[in-house]
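Read off the chains here:
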Amino acid sequence: MHQVELRFDHASRASQTHTNLSAIRQSSTGLWVAGDETATFEHLTWTGDHYGEQRTFRLADYVSLPAGPEDEADIEGLARADGHLWLVGSHSLKRRRVRSKDLGKAADRLATVVREENRFILVRLPLHGETPGPGTVLSGKEALTRHLRDDRHLAPFLALPGKDNGLDIEGIAVVSERVYIGLRGPVLRGWAVVLELRLEDAGKGRMRLREPYRKHFLGLGGLGVRDLCPDGDSLLVLAGPTMVLDGPVRVVRWRPGPKRQEVVPEDELEAVLELPYGLGCDHPEGLVRLADGRLMVVYDSPSPARITPAGGVLADVFTI
């Protein structure tokens, strides 16, 4: 394993994008990255010894966002396929954090659940080189959660915040016309869930489901999906805790089959890599298979040792 620097500009450091990285994909000249605290995504170019020369793109410049251009979209996954860049929000509700030692105020915040509409988006943008163009979005009346309201497995979790084992998307991979959506939660008696979608244009910058979604259940030993990454005819799954916990975190390989619904036990998933994690820091969040076959991992809440003097952050690169 070795490390490589991802260097961000002053505005991104001020908005803490570099310490809230949640998604990563390779481009022809560098990396596409996203954090989960803004409504933007970034491109970093390989300079020869680090990724930098950052360009920032506002989602609202390319699609219509339900809550407007400024509210965070909580982007948790990126995919790049067939000349398009895909971005997916967490689709999760949020419980207020405790910020006071006053017991009454703390209890009130823990009883407050918030829905932020920009989180409920799935976006597809055409790429012209390393520049995106106006795209299409699945949101509003066609938002994925609307299709899950009567789902016998997932409907009971739609009213729960993501960090309470409620619905929480944290990964996307696109293979041909199949869009795989990985769920950090819910985890159902130890089984993680991946949704498979087929989408089509609906006009006026919108998308819709072309056919009913499919569900796949993966035996990840109680872990949820933290990211997905194509690897030939397989998918690499970054598996980590669904709740607010530090670890364990690992990468496994899954070969999706043709069935409408699969139940894949743990012994049918290929173990690839055990990942390091910290206590209260260094949470693996983004995964990409590089062109040379190595695996790059970026971390949310990086430890101070990962922050560089130039204002960048260190990612890990593994040979597998």
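Residues numbered from 1 in each chain as written. Predicted model: local features only at pLDDT ≥ 70, side-chain atom pairs only at ≥ 80, totals over all residues. Heavy atoms only, no water.

### Regarding the overall build of the chain
Turning to step 1, where the next piece is worked out: Broken down by element type, the chain carries three helices and 26 strands.
Turning to step 2, where the next piece is worked out: The C-alpha radius of gyration computed for the chain amounts to 18 Å, which stays within 12% of the reference 20 Å derived for 320 residues, consistent with globular compactness.
Turning to step 3, where the next piece is worked out: For the chain, the C-alpha atoms occupy an extent of roughly 55 × 50 × 45 Å along the three principal directions.
Turning to step 4, where the next piece is worked out: The 320 residues of the chain split such that 57% are buried.
Turning to step 5, where the next piece is worked out: Taking as baseline every contact in the chain between residues at least 6 positions apart, the subset at least 24 positions apart corresponds to 55%.
Turning to step 6, where the next piece is worked out: Here the chain holds 41 positive side-chain charges and 45 negative ones, and the gap between their average locations is 4 Å. (Helix = DSSP H or I, 4+ residues; strand = E, 2+ residues; numbered from the N terminus. Rg over C-alpha atoms; globule rule 2.2 N^0.38 Å. Buried < 20%, exposed > 50% of the residue type's maximum accessible area, 1.4 Å probe, protein only. Contact = heavy atoms within 4.5 Å. Lys, Arg positive; Asp, Glu negative; His and termini not counted. Charge placed at Lys NZ, Arg CZ, Asp CG, Glu CD.)

### What about the pairing of strand E21 (residues 250-254)?
Turning to step 1, where the next piece is worked out: Burial of E21 is extensive: four of the five residues sit out of reach of the surface.
Turning to step 2, where the next piece is worked out: In terms of strand pairing, strand E20 (residues 234-240) meets E21 through five bridges, oriented antiparallel. Among the inter-strand pairings, Leu 235 is bridged to a residue of E21, identified as Trp 254.
Turning to step 3, where the next piece is worked out: Here four bridges tie E21 to strand E23 (residues 270-274), and the two strands are oriented antiparallel to one another. Paired with Arg 253 across the two strands is Glu 270, which belongs to E23. (Pairing = 2+ DSSP bridges.)

### Focus: the sheet that holds strand E13 (residues 168-175)
Hydrogen bonds between backbone atoms are what pair the strands of a sheet, whose relative direction is either parallel or antiparallel.
Turning to step 1, where the next piece is worked out: One open sheet holds the five strands; their spatial order is E13-E14-E15-E18-E22, and the pairing between them is mixed. Two strands in the sheet have a free side with no partner beyond their single neighbour: E13 and strand E22 (261-264). Averaged over all pairs of adjacent strands, the angle between strand axes in this sheet comes to 20 degrees, irrespective of strand direction.
Turning to step 2, where the next piece is worked out: Alignment of strand E14 (residues 178-185) against strand E15 (residues 191-197), held across four bridges, turns out to be antiparallel. Within E15, the position partnered with Tyr 180 by the bridge is Glu 196. (Axes fitted to C-alpha atoms, helices over the stretch in contact; angles between N-to-C directions.)

### Things to note about a positive patch on the surface
Turning to step 1, where the next piece is worked out: On the surface, Arg 96, Arg 97, Arg 99 and Lys 163 cluster together into a positively charged patch.
Turning to step 2, where the next piece is worked out: Along the chain, Arg 96 turns up in the loop between strand E8 (94-95) and helix H2 (103-110). (Patch = residues over 30% accessible without salt bridge, like charges linked within 9 Å, V, L, I, M, F, W, Y side chains within 5 Å. Areas by Shrake-Rupley, 256 points an atom, 1.4 Å probe, with all protein chains shown as cover. Salt bridge = Lys/Arg side-chain N within 4 Å of Asp/Glu carboxyl O.)

### Topic: the environment of Lys 215
Turning to step 1, where the next piece is worked out: Summarising the element assignment, Lys 215 is placed in strand E18 (residues 214-219).
Turning to step 2, where the next piece is worked out: Here Lys 215 falls in the buried class, since its relative accessible area comes to 8%.
Turning to step 3, where the next piece is worked out: Spatially, the C-alpha atoms of Lys 215 and Ile 181 are 9.6 Å apart, while their sequence positions differ by 34 residues.
Turning to step 4, where the next piece is worked out: In contact with Lys 215, not counting residues within four places along its chain, are Asp 151, Arg 152, His 153, Val 194, Leu 195, Arg 260, Gln 261 and Glu 262.

### Notes on the environment of Arg 226
Turning to step 1, where the next piece is worked out: Along the chain, Arg 226 turns up in strand E19 (residues 224-231).
Turning to step 2, where the next piece is worked out: Using a relative accessible area of 5% as the deciding quantity, one classes Arg 226 as buried.
Turning to step 3, where the next piece is worked out: Between the C-alpha atoms of Arg 226 and His 147, which are 79 residues apart in sequence, the distance is 22 Å.
Turning to step 4, where the next piece is worked out: Leave out the neighbours within four places in its chain, and Arg 226 touches Glu 170, Arg 184, Leu 238, Ala 239, Gly 240, Pro 241, Pro 284 and Glu 285.

### Observations regarding the nonpolar core
Turning to step 1, where the next piece is worked out: Residues Trp 86, Leu 122, Ile 172, Ile 181, Leu 195, Leu 197 and Leu 199 are the most contacted members of the largest nonpolar core, which totals 26 residues.
Turning to step 2, where the next piece is worked out: Broken down by secondary-structure element, the contributors of at least two residues to this core are strand E6 (75-81), strand E7 (84-89), E13, E14, E15 and strand E17 (206-209).
Turning to step 3, where the next piece is worked out: By size, the runner-up hydrophobic cluster in this structure holds 20 residues, among which are Ala 39, Leu 85, Leu 125 and Leu 127. (Core = buried A, V, L, I, M, F, W, Y, C linked by side-chain atoms within 4.5 Å.)

### Things to note about the sheet that holds E21
Turning to step 1, where the next piece is worked out: Taken in spatial order, the four strands make up an open sheet running E19-E20-E21-E23, and their pairing is antiparallel. Edge strands, defined here as strands with exactly one partner in the open sheet, are E19 and E23. Strand-to-strand twist in this sheet, taken as the mean axis angle between neighbours without regard to direction, amounts to 25 degrees.

### With respect to the side chain of Asp 151
Turning to step 1, where the next piece is worked out: Locating Asp 151 in the fold gives a position in the loop between helix H3 (144-147) and E13.
Turning to step 2, where the next piece is worked out: A distance of 2.8 Å separates the side chain of Asp 151 from the backbone nitrogen of Leu 154, its partner in a polar contact.
Turning to step 3, where the next piece is worked out: Reaching out from Asp 151, the side chain makes a polar contact with the side chain of Tyr 213 at a distance of 2.5 Å. (Polar contact = N/O pair within 3.5 Å; in protein donor to acceptor, adjacent residues only side chain to side chain.)

### Notes on the packing of aromatic side chains
Turning to step 1, where the next piece is worked out: Scanning the entire structure with this criterion turns up seven aromatic pairs.
Turning to step 2, where the next piece is worked out: Both rings, one in Trp 32 and one in Phe 41, keep their centres 5.9 Å apart while their planes meet at 45 degrees; by these two values the pair is tilted. There is no split in this pair, since Trp 32 and Phe 41 are both buried.
Turning to step 3, where the next piece is worked out: Members of the aromatic cluster, each reached through a chain of ring pairs, are Trp 32, Phe 41, Phe 57 and Tyr 62. (Phe/Tyr/Trp six-rings, centres within 6.5 Å; stacked < 30°, edge-to-face > 60°.)

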